[in-house]
Each structure stands twice: as C-alpha cells, then as structure tokens.
Amino acid sequence: MSNERTRILVVDDEEIVRESLGGWLEKDGYFIGSAPEGATALEKIKAERWSILLVDLKMPGVDGLQVLEEAKKLQPDLAVVIMTAYATVDTAVAAMKLGAYDYLVKPFDPEELSMMMQKIVSQQVLVRENAVLRQALRKEYRFRDLVSKSPAMQSLFELARTAARSNSTILVLGESGSGKEVLARAIHQESPRAEGPFMAVSCAALTESLLESELFGHEKGAFTGAVARRKGKFEAAQGGTLFLDEVGDITPKLQLDLLRVLEERRVHRLGGNDAIDIDVRIVAATNRDLRKAVQEGKFREDLFYRLNVIPVLIPPLRQRREDIPLLVEAFVERLAYEMKKRLDGVSAEAMNALMAHDWPGNVRELRNVLERGAVVATGHVIQLPDLGMPERPGAAARPGTLASLEEVERRHVTAVLANTGFNVSQSARILGIDRVTLYNKIKKWGLSREGGGEDGGKDE
Amino acid sequence: MVPIFTAWIGQGPADPALLAHMVRHVEVAFGTKVHPWSPPGPPRHAYDPRRRQHASGAILKWILEVGPAPGARAGKFLGVTDQDLFIPILTYVFGEAQLSGAAAVVSTARLLEDVDLFGPRLLAERLAKEAVHELGHAFGLRHCATPRCVMGRSSGVRDVDEKGPVPCEECRGRLEQQEGA
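In this text the structure is predicted, and so the values were computed from the model without any measurement.

What counts, and where the lines are drawn
- Residues numbered from 1 in each chain as written.
- Chains lettered and ligands numbered in written order.
- Predicted model: local features only at pLDDT ≥ 70, side-chain atom pairs only at ≥ 80, totals over all residues.
- Helix = DSSP H or I, 4+ residues; strand = E, 2+ residues; numbered from the N terminus.
- Contact = placed C-beta atoms within 7 Å.
- pLDDT = per-residue confidence, 0-100.
- Pairing = 2+ DSSP bridges.
- Right-handed = clockwise from strand over helix to strand, strands pointing away.
- Axes fitted to C-alpha atoms, helices over the stretch in contact; angles between N-to-C directions.
- Nonpolar A, V, L, I, M, F, W, Y, C, P; charged D, E, K, R; others polar.
- Parallel < 35°, antiparallel > 145°, perpendicular 65-115°, else oblique.
- Left-handed = near helix turned anticlockwise from the far one by under 90°.
- Core = buried A, V, L, I, M, F, W, Y, C linked by C-beta atoms within 7 Å.
- Buried ≥ 20, exposed ≤ 12 C-beta atoms within 10 Å, placed from the backbone.
- Expected span 1.5 Å × (residues − 1).
- Arc of directions from axis to C-beta.

## Considerations on the overall build of chain A
- Helix and strand counts for chain A come out as 19 helices and 18 strands.
- Pairs at least 24 apart in sequence give 69% of the contacts found in chain A among residues at least 6 apart.

Structure representation (structure tokens):
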C-alpha cells in the first residue's frame, strides 16, 4: 500500500482522540505521530516531514487555526484537516481561507474519514509524480550550471554547445552578474578540452604590469620583485581554456600584446627570449559595449575582431523573468545541499517579490538574496522577510494596494516598456497583446521613452 | 499458531448457529482451533449514555482483564456483541482489535442492514468476515489493498459484502512469517 509513505500527525489535547484516531489510521498502514498541543505540533513539523496534519480546532494555547497558519508557512504542501466538535460556517470558512484541505466534524463517519485520507494520498502521489516530471524537464532546461527556459537562453545554449566543440574564440557579452564566467566554464566542460585546465583572469582587477605578468608569466629577474620564474595563465591553461573576464578594461599596450598572442599562438614570458607555443581556447567576456569603444578609439579594432569570432549575449534577468522560479528552485536546492539544511523552497509571497524585482545585479544578485534567505529562514520555507529585499517606491502594485485596474495596468505596461528599452514589439510579446493595442495604450496614457527606459535596440 | 478463544458478550441471547458459522470461518482462516470461553457477564460499564453506544476501547481493556486466566496459555480473545460500538473519534465501528495484541471485539449491530430482506445467512457471512478481520489485526495484520482480501478496510457494510472471508496470499504470508518468528 502506498500508505506506508504517508505520515500523519494527529494534534488534539484529548489523549483518547489521539489514541483512537491514531490507532484506527495505523491499521490502514499510515505512519502516525501525535502531539497534545499546538506548540509541540509545530516543533514536530519543523523537525520532520509530514503528509497530513489532523488538527483539533479548539485547544488551549496555540489553537487549530494558528497551527494551520504556521504549518502552512513551514510546509506549504502539507494537507491540513481541521477537526471540530461543532461545525460552524465561520470556522469552516476561516480554515479554508488559511489553506486547510478540509474539515471533519467530531465524531467522524468512518467512511468519510477513510475516503478523505485516500483522496489526499492520491493527490499527493500526483504532486510527487509532477515534481519528478518537472525535474526531468529541468534537465532539458539545463546547460551545465545554467538553467533557463526562456527562448533567448535556449538558443544561446544551442549556440554555446555548438561553439564549444570548435576551437574558436568566444566573446561573452552581458551585464554584471548575468553569469558570463558560469557560461565560460560550461563551454569549457562541453568542449573537447574539458579534461584540460580552465583558467580565469579578471582583467579589470589588476594593474597593467601585474596583468601582463599574470597572463604571460616572467623569467627570474625580469623586473624588481621577480625573484623566481613564473608561468603565466596562458601557459597554465595549456590544452584547456583561458577565460579573460572584463577584457574591455585592458590598456592599449596590453591590447596589442594580447592581439599578438592570439595571432601568433605563442607567448613570451616577461624578460624571456624564447617563444612558447600555446594551445589554448580563449573565452573573453565584457559588460562594456566593445563596438562603441572601438568607435571611440578606446579599443583596438583588430583585437575586437579577433575576440568577436563567436559573440554570445546573455540577456539580463529582468528580460527573462520566466526563469526566476526555475533559478530559485535550482539555487534553493544547491543552498540546502551546501548548508546541509532542509529547504523546500520559498513562500508564494516571497516568489511574488522575486518575480517583481528588476535584478540590476542579475542572477548573482538573485543568488545572494536567496543565500541570505536560506541563512535567515527558521523553517523549511524561505519567507519574504527572510530575503531582506528593499522596498521599491513606484514598484508594481503589491497585493492590497488600493488602485484601479487601469492604474495597475498603466503601471505594469510602463514597467515592461522601461525594461525593454521602449521596444514595442518585445513589450507587446511580453504583455501578450498585439502591437496596435500597445500603441493605442501608449498614446492614451501619453507614455514616452523618457519614462525611465534605457536605449533600446543595442542587444540585437 | 496460538489458540483463539471466543465468547458471546452481547446483551440479547446468543445465536448458536451464527456463532458456529463464525467459528468455522475463523478456524479456516487461521488454521487453528477456536475454543469457547466464558467471561463474567457482559461489559455493561462500557456503555456511554451520551452516545448510547458501547466504547470498544473499554471492552478491549475489559477482555484483557477477564480473558486470560492466570497461568493460562497465551491466546487471542474475541468478544462478540449485539451492542453498537464506537471509538471516541468515529460515529461507529464494526469492531476493534489491538494491533498485535490479545483482545478483539466485533459487533452485529451495524451488520444487520438488509438482513430482513436477504435472510440470516447475510449476517452470518458479514460477522464471520469481521471476526476474521479483527483477529487479523490481533495477529499483526494491517489493512490490505488487495481486492477481496478480508483485511481490506470496511468503512461501510457494502465494503464488508464485497470482500471475501479469508486473508489474501500476501497477508497469509505475513501470518506465517509471524508464526515462524
């Protein structure tokens, strides 16, 4: 019987009820736990996972409705059945509002109780099956450590998979925190060089001379302080992949040096005479507009073309909000593993806030927010206050804000337009309306690009 | 297999044919001899005037007190009553037994539905099934999902009619395992 996996917690201040109900259900093969009052019940829910909670409405101290409310916060998928001596419409409505599965009037009809338990069990089996299917689906949405179901990211994964197999230089473009290094690692792992080393250098973090020595290495005595010979990252990445992060930040001299290495496929250590052949795949990344830098004369055009062999653009998180639940699930799972802590997810309220946020710091910011939440959370579910997210003035209307539907619609349309850089086609797609309708709304509300949008169109 | 003892503990007169039919089924189901047993009078104290029913838990407790005579062999004790039984949380039960315990009780009160239409044979079959079912619990069996197994959960009298009078092969296997242990 599938009942063996079903754990039922019976909460009632009357021992005789706990015993008789527990005994009766035990014969159906359920695992039964019991608690004489609300506080103990909540402790048990914190400590262990339960499938069904049968809780008495009237108990001294923490009553049934309070247990229901707290239990749902701790474990949203818990099926809570309220037991009551007198059924009143008020209590039933209150229980249902708080998320109770159903309620039973004492004493129960055995057929009713039996059928209710069976119905809950079969529903939970369906939910579990659904979770397994979702997990399988998530694998489809995965490219190594990256997860996404947005069409833009899916084609990016496709491109990255194909590019990984070649030896060509890849230029990863994207805002800070969007996962450029994660993508570079994924490309390395997917490439025939996966067995070789992956070396990462952050070009913006070092001064010119330090970066020079970091990249190319030096001979002993090449400069003051060069007390020993040192291999550069190009040599260290031999047979593997070198990731040059923030490549748009390097100085003109280093741009020239780097160009030479890429053209000749050999390096000279500083102070050394011998050229060392290198077999390294370059993945470069930047959050700058390199084309613009070329136009302004700040970045060498020839180096730009050397690097820009296969450009890959990671869209910012705010342009692929549909990925937020998927990323939250993946991060929470990983955080739980890393922290050795049971975490079942985030509350609905927290998820709403995560979906509404604009994520200027992208996936990294999301991960940081969730990490904070995972540390602070006292139960198994991360709640909104655990995330410590700043309140944003003028943000999309939160539930409970008193505003007309049109006002909410206007604010939402404005926000979508701002996020797409006033790209009408893209906004219309996101909003699920046609462009003419969107144009009419823009005209009606007198919306304009100055409403806080960025320069559009540069992404394509 | 430990012996089984049965007694009529109802308030009306016992029906010898009904009980004999039950005993035959119990002996077949468990492959052991069923012995008569004479407890001292019906357990009137188990009556709850508010619910106008007998508390099956109180009857089980009473059977444990009056059942096994001092120094007697271990066994399973089944009381059969005509009184309506309840456990505090449920409106009624057909019977109750301690899981892997010595005491079991079964009642005819809720098995009488349609007996006036179909005759006493229907009651005899229902009682036999419920007696085997409750004793099955006393022998450590839980409810079984196998169709027609006597250990299937019976929440209503239709469920009783649908199931067979004996444990399924799996439940019989469990009984044999326990016997061997």
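## Let's talk about the confidence of the model for chain B
- In this model, chain B carries an average pLDDT of 92, and 96% of its residues clear a pLDDT of 70 or more.
- The ipTM assigned to the predicted complex is 0.84, against a pTM of 0.58.

## Points about the pairing of strand S2 (residues 31-35) of chain A
Residues and elements named next belong to chain A.
- The pairing of strand S1 (residues 7-11) with S2 spans five bridges and is classified as parallel. Bridge pairing in S2 places Val11 opposite Ala35.
- For the crossover that starts at S1, traverses helix H1 (residues 15-26) and ends in the parallel S2, the hand is right-handed.

## What to know about unusual backbone geometry
- The omega angle of the peptide bond from A:Lys106 to A:Pro107 is -15°, so this bond is cis rather than trans.
- Tracing the backbone through its elements, the reader meets A:Pro107 in the loop between strand S5 (102-105) and helix H5 (110-140).
- Positive phi is not limited to glycine here, since A:Arg265 has a value of about 60°.
- Not every positive phi belongs to a glycine, and B:Ser100 is a case in point at roughly 60°.
- The residue B:Ser100 is located in the loop between strand S7 (95-97) and strand S8 (103-107) in this model.

## A closer look at the sheet that holds strand S12 (residues 241-245) of chain A
Residues and elements named next belong to chain A.
- Taken in spatial order, the five strands of this open sheet run S9-S12-S15-S8-S16, and their pairing is parallel. The sheet terminates laterally at strand S9 (198-202) and strand S16 (310-314), the two strands that pair on one side only. Going from strand to strand, the sheet's axes swing by 20° on average, the running direction of each strand aside.
- By the bridge criterion, five bridges tie S9 to S12 in an arrangement that is parallel. Its bridge partner lying in S12, Phe198 is registered against Thr241.

## Things to note about the interface of chain A and chain B
- The interface is formed by 17 residues belonging to chain A together with 17 residues belonging to chain B.
- Elements represented by at least two residues in the side of chain A that touches chain B include exactly H1 and H5 of chain A.
- Per-element tally for the side of chain A that touches chain B: the top contributor is H1(A), with six residues.
- Here the residues of the side of chain A that touches chain B are counted per class, giving eight nonpolar, three polar and six charged.

## Remarks on the packing of helix H8 (residues 208-216) of chain A against helix H10 (residues 252-264) of chain A
Residue and element names in this part refer to chain A.
- In contact at an axis separation of 10 Å, H8 and H10 are set at 15° when each is read in the N-to-C sense. Judged by the angle between their axes, H8 and H10 are roughly parallel. Handedness of the crossing formed by H8 with H10: right-handed. Where H8 approaches H10, its residues Glu208, Leu211 and Glu212 are matched on the opposing element by Lys253, Leu254 and Asp257.
- Residue composition of the contact of H8 with H10, by class: two nonpolar, no polar and four charged.

## Regarding the nonpolar core
- Formed by 86 residues in total, the largest nonpolar core has its most connected members in A:Leu54, A:Val55, A:Ile82, B:Ala131 and B:Leu135.
- The element contributing the most residues to this core is helix H4 (residues 120-138) of chain B, with eight residues.
- When near neighbours in sequence (up to four residues on either side) are disregarded, A:Ile82 contacts A:Val55, A:Leu57, A:Gly64, A:Leu68, A:Ala95, A:Ala100 and A:Tyr103.
- Within the second largest apolar cluster, 64 residues are counted, among which are A:Val147, A:Ile170, A:Val201 and A:Leu327.

## Digging into the sheet that holds S5(A)
Residues and elements named next belong to chain A.
- The parallel open sheet is built from five strands, whose spatial order is S2-S1-S3-S4-S5. At either end of the open sheet lies a strand with only one pairing partner, and these are S2 and S5. Between one strand axis and the next, the sheet turns by 20° as a mean value, whatever way the strands run.
- With five bridges joining them, strand S3 (residues 52-56) and strand S4 (residues 79-84) adopt parallel strand pairing. Each residue of the ladder has a partner; that of Val55, found in S4, is Ile82.

## A few points about H10(A)
All names here are of chain A.
- Counted at 1.5 Å a residue, the expected span for H10 with its 13 residues is 18 Å, and the 18 Å between its end C-alpha atoms agrees.
- If you check which residues of H10 are buried, you get Leu254, Asp257, Leu258 and Val261. Mapping the buried residues of H10 onto a view down its axis gives an arc of 95°, with all of them on the same face. Exposed and oriented more than 90 degrees from the buried face of H10 are Glu263 and Glu264.

## What to know about the environment of B:Gly75
- Its place among the elements puts B:Gly75 in the loop between helix H2 (56-66) and strand S5 (76-81).
- Separated by 26 residues in the primary sequence, B:Gly75 and B:Gly101 place their C-alpha atoms 9.5 Å from one another.

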